[in-house]
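Each chain, letter by letter, is given below.
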Amino acid sequence: MAFQLDNSITQKKSEKEDNNIDKLLKKDITLFQNAFSNKTKEQFYTELSVLLNAGINLKVALELIESSQKKKPTKKIIEAIHKEIVLGKSLSEALKFHKQFTEYEFYSIKIGEETGTLAKVTAQLGEFYIKKNEQRKQLISALTYPVIILSTAILVVVFMLNFVVPMFQDMFKQQQVELPEITKAIINLSEFLKGNGWFIVLCCLTPFLLKLLLKDSHRYKKLRDTTLIKVPFLGKFIKTIYLAQFTQAVALLTTSKVPLINSIQLVKKMIDFYPLKHALSQIESHVLKGNSLSSGLKAHKLFDSKMVALVKVAEETNQTEYIFEKLNTQYTNQVQQQSKMLSTLLEPFIILFVGTMVGVILVAMYMPMFKLSSVL
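Trainee: Looking at this model, I keep getting lost on the packing of aromatic side chains. Mind explaining?
Mentor: How two aromatic rings sit relative to each other is given by the distance of their centres and the angle of their planes. For the coordinates displayed, the defined rule picks out 6 aromatic pairs. Ring centres of Y45 and Y129 lie 6.2 Å apart, and the angle between their planes is 15 degrees; this geometry places the pair in the stacked category. With Y45 in helix α2 (residues 38-53) and Y129 in helix α7 (residues 118-175), this residue pair connects regions lying 84 residues apart in the sequence. Since its relative accessible area comes to 3%, Y129 is described here as buried. The interplanar angle of 50 degrees and the centroid separation of 5.6 Å between the aromatic rings of F246 and F303 together place this pair among those described as tilted. Placement of F246 in helix α11 (residues 234-255) and of F303 in the loop between α14 (293-298) and α15 (305-317) is noted, with a sequence separation of 57 residues between them.

Pasting the structure below:
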């Protein structure tokens, strides 16, 4: 998204603009659930904060952002919000009835309106989604190259088993050579692939189909997240990403003077990661009984001793906002470092796997040929 400021902003609206607004109010609004992605929210809140800080009122700011939209679903959502603002509703009330916006966003915007800090809150929301999108990019970047290399390697191995091995197999049959056990195993594997190709492809596609069908299933999310967090290297990396999001969210909410219990409830709805949601549910009950947040964090392995110690200091010194901002900076730096390390570590393992598989196939095919040449 991009917007332009011109001299017409400070001038009275022309009759043409009034007619455009009248047309807008008469339009039927159709909302699409996935129209407002995290990337779109990053741009929306960032631009809204810039316009508000420039002294532009909310109605004109939304009109400018709306006019710059190219995607129709996103444009319709902003049109709907703008329509409700024109009818006299607040921005938080306008966002509340759209599924694209979370309770976390609604609560933050509402506090910003009540305290006169809407520009600051929208800037903080923009910053939150900037970091969240950046962390997602780092995860994708860390895994893309290894996944491409591994996929290519698997295709090479499958090609050799389906086309190269059968050629050697026919030659061995003609020469009636006694085959070593390793050669027999490779030939059996080749025949299995040729006879069950579609079944193997279906098995490979099953995880992606399950993700599409069960993406809203609580059990599926629980199984997926608890399994991912146990994977060596990758699990630690994913855990650090969500801890960075957790600390950033708490820092943002404490800045807006949201009570601790409400902050925990909002973070649970905002971050979709089962181990964190489960831990926060127990911590919420723990805090409601009169216990401290640090003691609640200490009871869960998800939160490391560094976080527990600093949160305890924050409680004693009443510096919660400052401590969580520092924790967020540390975890964000860790995410950057671990993303590079993960990519660096996976590459040699994949190369070793490829070399081993191709080497085993070649040795298995050439061993009978060496034996045949010695007999001749």
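Trainee: When you look at the packing of α7 against helix α8 (residues 181-195) in this model, what are you seeing that I'm missing?
Mentor: To describe two helices that pack against each other, one gives the angle between their axes and the distance between the axes. Running from N to C, α7 and α8 point in directions that differ by 125 degrees, and their axes come no closer than 10 Å. What the angle tells us is that α7 and α8 run oblique. Along this stretch, α7 crosses α8, giving a crossing that reads as left-handed. On α8, the residues that touch L161, N162, V165, P166, Q169 and F172 of α7 are T183, I186, I187, L189, S190, E191, L193 and K194. The class makeup of the residues in the contact of α7 with α8 is 8 nonpolar, 4 polar and 2 charged.

Trainee: Honestly, the confidence of the model for the protein in this entry has me stumped. Any pointers?
Mentor: Low-confidence regions, as indicated by low pLDDT, have predicted coordinates that should not be scrutinised in detail. Looking at the protein, the pLDDT average stands at 78 and 88% of residues meet or exceed 70. Note that pLDDT drops below 50 for residues 1-33; the model gives that stretch 45 contacts with residues more than four away or on any other chain.

Trainee: Mind showing me how you'd approach helix α10 (residues 218-228) here?
Mentor: Within α10, burial applies to Y220, K221 and D225. One side of α10 holds all its buried residues, which, seen down the axis, span an arc of 115 degrees. Those residues of α10 that are exposed and angled more than 90 degrees off the buried face are R219 and L223. Packed against the buried residues of α10 are α9 (197-213) and α13 (274-288).

Trainee: How should a nonpolar patch on the surface be read in this particular structure?
Mentor: On the surface, W198, V201, L202, L205, F208, L209, L210, L212, L213 and L214 cluster together into a nonpolar patch covering about 1,100 Å² of accessible area. Its place among the elements puts L213 in helix α9.

Cut-offs and rules
- Residues numbered from 1 in each chain as written.
- Predicted model: local features only at pLDDT ≥ 70, side-chain atom pairs only at ≥ 80, totals over all residues.
- Heavy atoms only, no water.
- Phe/Tyr/Trp six-rings, centres within 6.5 Å; stacked < 30°, edge-to-face > 60°.
- Helix = DSSP H or I, 4+ residues; strand = E, 2+ residues; numbered from the N terminus.
- Buried < 20%, exposed > 50% of the residue type's maximum accessible area, 1.4 Å probe, protein only.
- Axes fitted to C-alpha atoms, helices over the stretch in contact; angles between N-to-C directions.
- Parallel < 35°, antiparallel > 145°, perpendicular 65-115°, else oblique.
- Left-handed = near helix turned anticlockwise from the far one by under 90°.
- Contact = heavy atoms within 4.5 Å.
- Nonpolar A, V, L, I, M, F, W, Y, C, P; charged D, E, K, R; others polar.
- pLDDT = per-residue confidence, 0-100.
- Arc of directions from axis to C-beta.
- Patch = residues over 30% accessible without salt bridge, like charges linked within 9 Å, V, L, I, M, F, W, Y side chains within 5 Å.
- Areas by Shrake-Rupley, 256 points an atom, 1.4 Å probe, with all protein chains shown as cover.
- Salt bridge = Lys/Arg side-chain N within 4 Å of Asp/Glu carboxyl O.

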